[in-house]
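Tertiary structure, described
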Amino acid sequence: MPRRLAAAALAIATLLGPAAAQDAGSDAASLAKARGAIKGLAENLKSALVEALKSGGPIAAIEACRAAAPGIADAQSAAHGVRVGRTALLVRNPANAPDAWERGVLEGFAAKIDAGAAPDTLDHGETVEEGGKKVFRYMKAIPMAAEPCLACHGPELKPEIAAAITERYPQDKAVGFTPGKLRGAFTVRVTAN
């Protein structure tokens with residue numbers, strides 16, 4: 001019977017995608033929560049940014065991202081019973097800097113992209129121990145898109161956009177990206193009950 005259970009867990013994990021396949025023992029419910037929170041964060045943040053771009057251009061989008069992103073992440077975290085956010089190897093907001101686990105996953109994503117992987121296919125999940133508790137951690141790569149991302153994250157920013165970013169984020173490192181590269185990742189923690 002244990003072999004059948006292990007085979008069933010592996011089959012389910014494979015169907016759920018790459019993250020689950022990497023850790024066949026991971027909780028399917030935790031993976032579903034993580035993916036739901038990321039979807040909600042991505043959709044709501046994109047909506048806020050598109051609206052700001054339409055109403056006031058890239059400078060308005062910079063402000064909307066600064067003001068809205070934390071609240072959207074908090075709302076999605078509460079709605080899904082997880083902790084969801086964004087991180088990157090090069091962050092705009094130092095509060096979003098990766099921890100050691102996230103940095104390792106991001107570096108792995110970057111290496112895979114350099115080897116030819118499509119960034120929008122990359123994710124990783126595993127159950128780890130933190131402070132004596134089991135925590136399911138999951139990350140989904142955020143690829144750098146041409147539009148509208150280049151205006152605020154590309155290699156050549158307009159002077160007024162660069163000034164607006166520097167004013168709001170004096171320690172900004174999130175520039176110089178080109179389409180198809182790794183911009184960052186959504187990151188989720190699901191603590192076991």
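Since the structure is predicted, the reported quantities are computational estimates derived from the model, not experimental observations.

1. Brief notes about the confidence of the model for the chain
Taken as a whole, the chain shows an average pLDDT of 86; of its residues, 86% reach a score of 70 or greater. A low-confidence stretch, residues 1-25 stays under pLDDT 50, and its non-local contacts, those more than four residues away or across chains, total 27 contacts.

2. Examining the nonpolar core
One finds I38, L41, V82, V84, F136, Y138 and V188 to be the most contacted residues of the largest nonpolar core, which totals 18 residues. When residues of this core are traced back to their parent elements, those giving at least two are α3 (28-80), β3 (133-143) and β4 (182-191). The leading source of residues in this core is α3, at 10 residues. Among the nonpolar cores identified, the runner-up in size contains 12 residues, and L106, M139, A141 and A185 belong to it.

3. Details of helix α4 (residues 100-114)
The end-to-end C-alpha distance of α4 is 21 Å, a good match for the 21 Å that 15 residues give at a rise of 1.5 Å each. Turning to α4, its buried residues number three or more, namely W101, E102, V105, L106, F109 and I113. The buried residues of α4 occupy one face: seen down the axis, they fall within an arc of 130 degrees. Seen from the open side of α4, the exposed residues pointing more than 90 degrees away from its buried face are A100 and D114. Those residues of α4 that are buried are in contact with β1 (83-87), β2 (123-130), β3 and β4. The opening residue of α4 is D99, an N-cap whose side-chain oxygen sits 3.1 Å from the backbone nitrogen of W101. Immediately beyond the C-terminal end of α4, within one or two residues, lies G116, with a positive phi of roughly 110 degrees.

4. Looking at the packing of α3 against helix α6 (residues 159-168)
Packing of α3 against α6 leaves a shortest axis separation of 9 Å and a crossing angle of 20 degrees. As the angle between them shows, α3 and α6 are arranged roughly parallel. Relative to α6, the crossing made by α3 is right-handed. Taken together, the residues of α6 that come into contact with α3 (itself represented by P58, I59, I62, E63 and R66) are E160, I161, A164, I165 and R168. The residue makeup of the contact of α3 with α6, split by class, is 6 nonpolar, no polar and 4 charged.

5. Notes on the sheet that holds β1
Strands sit in the order β1-β4-β3-β2 across an open sheet of 4 strands; the sheet is antiparallel. Looking along the sheet, the strands with just one partner apiece sit at the ends: β1 and β2. With strand direction ignored, the average angle separating the axes of adjacent strands in the sheet is 20 degrees. Both β3 and β4 contribute to a ladder of 9 bridges, which runs antiparallel. Considered in β4, the bridge of M139 is made with T187. Sheet strands in contact with α3 are β1, β2, β3 and β4, and its direction is about 50 degrees off that of β1. Docked against the sheet, α4 engages β1, β2, β3 and β4, running at close to 35 degrees with respect to β3.

6. Concerning the pattern of salt bridges
Tallying each qualifying case throughout the model produces 12 salt bridges. The partner of R83 in a salt bridge is D74, with the nearest N and O atoms 2.8 Å apart. A relative accessible area of 41% means that D74 is categorised as partly exposed. Among the charged side chains, a network of salt bridges with common partners joins D99, E102, E130, R137 and R189.

7. Considerations on unusual backbone geometry
Going from E147 to P148, the amide bond is cis rather than trans, its omega being -5 degrees. Note on placement: P148 falls in the loop between β3 and α5 (150-153).

8. Section: the environment of A73
When you line up the elements, A73 lands in helix α3. We classify A73 as buried; its relative accessible area is 10%. With 12 residues separating them along the chain, A73 and G85 place their C-alpha atoms 5.8 Å apart.

Criteria and thresholds
Residues numbered from 1 in each chain as written. Predicted model: local features only at pLDDT ≥ 70, side-chain atom pairs only at ≥ 80, totals over all residues. Heavy atoms only, no water. pLDDT = per-residue confidence, 0-100. Contact = heavy atoms within 4.5 Å. Core = buried A, V, L, I, M, F, W, Y, C linked by side-chain atoms within 4.5 Å. Buried < 20%, exposed > 50% of the residue type's maximum accessible area, 1.4 Å probe, protein only. Helix = DSSP H or I, 4+ residues; strand = E, 2+ residues; numbered from the N terminus. Expected span 1.5 Å × (residues − 1). Arc of directions from axis to C-beta. Polar contact = N/O pair within 3.5 Å; in protein donor to acceptor, adjacent residues only side chain to side chain. Axes fitted to C-alpha atoms, helices over the stretch in contact; angles between N-to-C directions. Parallel < 35°, antiparallel > 145°, perpendicular 65-115°, else oblique. Left-handed = near helix turned anticlockwise from the far one by under 90°. Nonpolar A, V, L, I, M, F, W, Y, C, P; charged D, E, K, R; others polar. Pairing = 2+ DSSP bridges. Salt bridge = Lys/Arg side-chain N within 4 Å of Asp/Glu carboxyl O.

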